[in-house]
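Inside the fold
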2 protein chains.
Amino acid sequence: MPAQREHKQPSPSGRSLEHPDRADIRLEGVLHALSDPMRLQIVRDLAAVEGELNCSVFDLPVSKSTTTHHFRVLRENGVVQQIYRGTAKMNALRRDDLEALFPGLIGSVLTAASLQATRLEAAS
Amino acid sequence: MPAQREHKQPSPSGRSLEHPDRADIRLEGVLHALSDPMRLQIVRDLAAVEGELNCSVFDLPVSKSTTTHHFRVLRENGVVQQIYRGTAKMNALRRDDLEALFPGLIGSVLTAASLQATRLEAAS
DNA sequence: CTCGTAGTTTGACATCCATCGTACTACGAG
DNA sequence: CTCGTAGTACGATGGATGTCAAACTACGAG
């Protein structure tokens with residue numbers, strides 16, 4: 001039932017996606033979003049390219065619908081921004097908003113993730 | 001079934017509590033532990049006093065058994081250290097371990113939590 | 001218009017999670 | 001030894017979460 005999209009403002013290039021305003025982003029939500037290995041990997045990849053990536057460049061070991069689910073969690077918790085561009089859906093980290101709300105947080109999470117990856121790798 | 005405590009070494013003052021080694025602490029686990037409002041509050045209080053606190057000084061709006069549950073999650077994910085001292089159970093942040101593994105992470109989470117608290121308060 | 005590609009939606013399912021109440025255990029005080 | 005206090009263990013329960021497969025939608029290419 002498509003009865004819940006109240007303010008559906010037709011976006012420039014097609015479907016619309018709901019994003020929380022900056023003021024509605026919650027720390028607990030962001031931490032929860034980042035606490036899943038799959039989603040943390042997505043965020044790391046996104047941060048690494050410093051730009052936009054479409055969904056399909058992520059080679060996640062899960063089905064397409066699960067991937068959709070994870071991107072939705074990231075979007076609903078204010079971690080990523082998604083826009084449709086033709087048939088692709090581009091994703092980008094909401095760096096400015098996150099930095100304004102939680103200064104240094106994303107940076108230390110990314111650093112921590114790198115360090116841990118190195119550490120786990122070294123432990124063969 | 002109490003068949004999983006393999007190396008149960010009797011601790012100096014009574015019951016034993018299992019803590020993960022530093023090397024076994026995982027970023028995802030820490031983020032998950034911090035993503036619950038109740039547990040984030042506990043960690044903030046713990047950080048504020050820069051020392052040990054027993055469980056009962058936390059005035060959480062949940063039952064005793066739920067409180068036990070949250071402290072266990074924090075302990076099992078390497079966020080806090082707990083030791084029995086008589087009938088009380090003292091809790092402390094594992095600052096050194098967390099700082100060594102994930103430099104700056106705890107600090108930015110605490111800062112973010114403060115900022116958000118202020119922000120939400122200001123929004124009446 | 002038709003097709004293929006990219007992603008969504010739905011429904012199902014098993015697991016995990018936060019919460020509770022009640023019964024239980026450990027320890028210190030008296 | 002007995003009692004009170006601090007916290008644990010044990011189900012139980014309702015709700016969220018991660019996962020999937022299958023059917024569906026939107027868009028560009030031809």
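Residues numbered from 1 in each chain as written. Chains lettered and ligands numbered in written order. Predicted model: local features only at pLDDT ≥ 70, side-chain atom pairs only at ≥ 80, totals over all residues. Heavy atoms only, no water.

The name given to chain A in an unreviewed UniProt entry is Transcriptional regulator, with the source organism recorded as Streptosporangium nondiastaticum.

1. Here's the deal with the overall build of chain A
What counts is decided by this rule: Here a helix means four or more residues in a row that DSSP labels H or I, a strand means two or more in a row labelled E, and each is numbered from the N terminus. Relative accessible area decides the class of each residue, using a 1.4 Å probe on protein chains only: under 20% of the type maximum gives buried, over 50% gives exposed, and in between gives partly exposed. Here, residues are in contact when the closest pair of their heavy atoms is within 4.5 Å. Per-residue accessibility takes into account occlusion by the displayed protein chains alone, with areas from the Shrake-Rupley method and a 1.4 Å probe.
A tally of helices and strands in chain A yields 5 helices and 3 strands. In chain A, the succession of α and β elements from N to C terminus is α-α-β-α-β-β-α-α. The proportion of buried residues among the 124 residues of chain A is 40%. Here the contacts in chain A between residues at least 6 apart in sequence split such that 67% fall between residues at least 24 apart. Accessible surface for chain A amounts to roughly 7,200 Å². Of this, 51% is attributable to carbon and sulfur atoms.

2. Describing the relation of the copies chain A and chain B
Note the cut-off: The atoms used to superpose the copies are C-alpha atoms, taken from residues with pLDDT of at least 70 in both, and the fit is least squares.
Between the two copies, chain A and chain B, the superposition gives an RMSD of 0.0 Å; the rotation angle is 180 degrees and the shift along the axis is 0.0 Å. Within this description, the copies of the chain are treated as partners about a two-fold rotation axis. Taken together, the interface assignments show that 100% of the residues at the interface of chain A recur at the interface of chain B, consistent with an identical surface on both copies.

3. Digging into the pairing of strand 2 (residues 80-85) of chain A
Residue and element names in this part refer to chain A. The following threshold applies: Here the rule is simple: two strands pair whenever DSSP picks up at least two bridges between them.
Side-chain alternation along strand 2 places Val80, Gln82 and Tyr84 on a buried face and Gln81, Ile83 and Arg85 on a face that remains uncovered. Here 6 bridges tie strand 2 to strand 3 (residues 88-93), and the two strands are oriented antiparallel to one another. From the neighbouring strand, Ile83 faces strand 3, where its bridge partner is Met90. Two successive antiparallel strands, strand 2 and strand 3, enclose a turn made up of 2 residues, where Gly86 displays a positive phi of approximately 70 degrees.

4. Let's talk about the interface of chain A and chain B
Where interface size is quoted, it is often the accessible area lost as the parts come together. Just so we agree on the cut-off: The term buried area means the drop in 1.4 Å probe accessible area that two parts suffer when joined, counted for both and summed. By salt bridge we mean one thing: a side-chain nitrogen of Lys or Arg within 4 Å of a carboxyl oxygen of Asp or Glu. Each polar contact in these results corresponds to two N or O atoms within 3.5 Å; when the atoms are within protein, one needs to be able to donate a hydrogen and the other to accept it, and residues that are neighboring in sequence are counted only if both atoms are side-chain atoms. Only Asp, Glu, Lys and Arg are considered charged, only Ala, Val, Leu, Ile, Met, Phe, Trp, Tyr, Cys and Pro nonpolar, and every remaining residue, Gly among them, polar.
Residue-level contacts link 25 residues of chain A with 25 residues of chain B. The contact between chain A and chain B buries some 2,100 Å² in all, and 67% of this surface belongs to carbon and sulfur atoms. For the interface between chain A and chain B, the tally reads 0 salt bridges. Taken together, chain A and chain B are joined by 9 residue pairs in polar contact (both at pLDDT 80 or more). In terms of residues, the side of chain A that touches chain B owes the most to one element, helix 5 (residues 105-122) of chain A, which gives 9 residues. When the residues that make up the side of chain A that touches chain B are grouped by side-chain class, the tally is 16 nonpolar, 5 polar and 4 charged.

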